[in-house]
Amino acid sequence: MSANPAVAAVAASGIEFRVVEHGPVRSLAEAAAARGVAVADVVKTIVVRLADDDYRFVLVPGDRVISWPKLRALLGVARMSMPDAATAKAVTGFERGTITPFGSTTAWPVIADERIRGRAISLGGGRHGVALAVAADAAIEVLGATVADISEAEPPVSKP
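In what follows, the accompanying structure is described. (Residues numbered from 1 in each chain as written. Predicted model: local features only at pLDDT ≥ 70, side-chain atom pairs only at ≥ 80, totals over all residues. Heavy atoms only, no water.)

## Looking at the overall build of the protein
The helix and strand tally for the protein stands at five helices and nine strands. The order of helices and strands in the protein, counted from the N terminus, is α-β-α-β-β-β-α-α-β-β-β-α-β-β. Its C-alpha atoms give the protein a radius of gyration of 15 Å, near enough to 15 Å, the size a compact globule of 160 residues would have. The burial tally for the protein puts 42% of its 160 residues in the buried class. Counted over contacts in the protein with a minimum sequence separation of 6, partners at least 24 positions apart contribute 64%. Counting only carbon and sulfur atoms, one obtains 53% of the accessible surface of the protein, whose full area is about 8,200 Å². (Helix = DSSP H or I, 4+ residues; strand = E, 2+ residues; numbered from the N terminus. Rg over C-alpha atoms; globule rule 2.2 N^0.38 Å. Buried < 20%, exposed > 50% of the residue type's maximum accessible area, 1.4 Å probe, protein only. Contact = heavy atoms within 4.5 Å. Areas by Shrake-Rupley, 256 points an atom, 1.4 Å probe, with all protein chains shown as cover.)

## Quick look at the pattern of salt bridges
Tallying each qualifying case throughout the model produces eight salt bridges. A salt bridge links R26 to E30, with the shortest nitrogen-to-oxygen separation between them at 3.2 Å. In this structure, the salt-bridge partner of R56 is D54, at a minimum N-O distance of 2.5 Å. Take D54: its relative accessible area is 26%, and that puts it in the partly exposed class. Members of the salt-bridge network, linked through shared partners, are K70, D113, R115 and D149. (Salt bridge = Lys/Arg side-chain N within 4 Å of Asp/Glu carboxyl O.)

## Section: the pairing of strand β7 (residues 130-135)
Buried residues dominate β7, accounting for five of its six residues. Relative to β7, strand β1 (residues 17-21) runs antiparallel, the two sharing five bridges. Each residue of the ladder has a partner; that of V20, found in β7, is A131. Two elements, strand β6 (residues 120-124) and β7, share five bridges in a ladder whose sense is antiparallel. The residue of β7 that forms the bridge with L123 is L132. Once β6 ends, the chain turns through five residues before running back antiparallel as β7, passing G126 with a positive phi of about 85°. (Pairing = 2+ DSSP bridges.)

## Observations regarding the sheet that holds β6
By way of backbone hydrogen bonds, the strands of a sheet pair with one another, either parallel or antiparallel. Strand order in the open sheet made by the three strands is β1-β7-β6, with antiparallel pairing throughout. Pairing within the sheet leaves two strands with one partner each, and these edge strands are β1 and β6. The mean inter-strand angle of the sheet, taken between neighbouring strand axes irrespective of direction, is 30°. (Axes fitted to C-alpha atoms, helices over the stretch in contact; angles between N-to-C directions.)

## Some points on the sheet that holds strand β3 (residues 54-61)
Ordered by their spatial adjacency, four strands build an open sheet running β2-β3-β5-β8, and the pairing between neighbours is mixed. One side of each edge strand has no neighbouring strand; the edge strands of this open sheet are β2 (43-51) and β8 (146-148). Neighbour-to-neighbour, the strand axes of this sheet turn through a mean angle of 25°, independent of strand direction. Bridging between β3 and strand β5 (residues 110-113) involves three bridges; their strand directions are parallel. Of the residues in β5, the one forming a bridge with V58 is I111.

## Overview of the side chain of T45
Note that T45 resides in strand β2. Classification of T45 by relative accessible area gives buried; the value is 12%. A polar side-chain atom of T45 sits 3.5 Å from the main-chain carbonyl oxygen of I99. Beyond its immediate sequence surroundings of up to four residues, T45 is in contact with F57, V58, L59, I99, T100, P101 and L123. (Polar contact = N/O pair within 3.5 Å; in protein donor to acceptor, adjacent residues only side chain to side chain.)

Structure follows, in structure tokens:
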């Protein structure tokens, strides 16, 4: 495997981490099971666009979703969007499902949901089937993340 910039960046940060390699997964629940963690400890890294060439990494527990009103209020913006897969890769260097603030081609600001504090979490590891297991508080510190209440409970799935 070629060098993985996410693993290199987390190693260079000086925080304790573990690389977890697993096979293909089709859902967040499968990812949690493959990584041996609770769904809430699989932290999704979501890229949001505020304007052309202005993005943020948003870290949200796996059992929650971004609260767009809370995030807009925190950032003081009326609008934001999620870039398409090609744009997300272009601005981070990572494909969807592998995105992490560690080793991104641009060090976009990071916003972490307050619910990850004090937890051992699993983040995307820059490649499919690779995760980074880290202490959330250490990651928040080295990434200079803003911590706030920016999520809401995952809405229940309605059955037809």
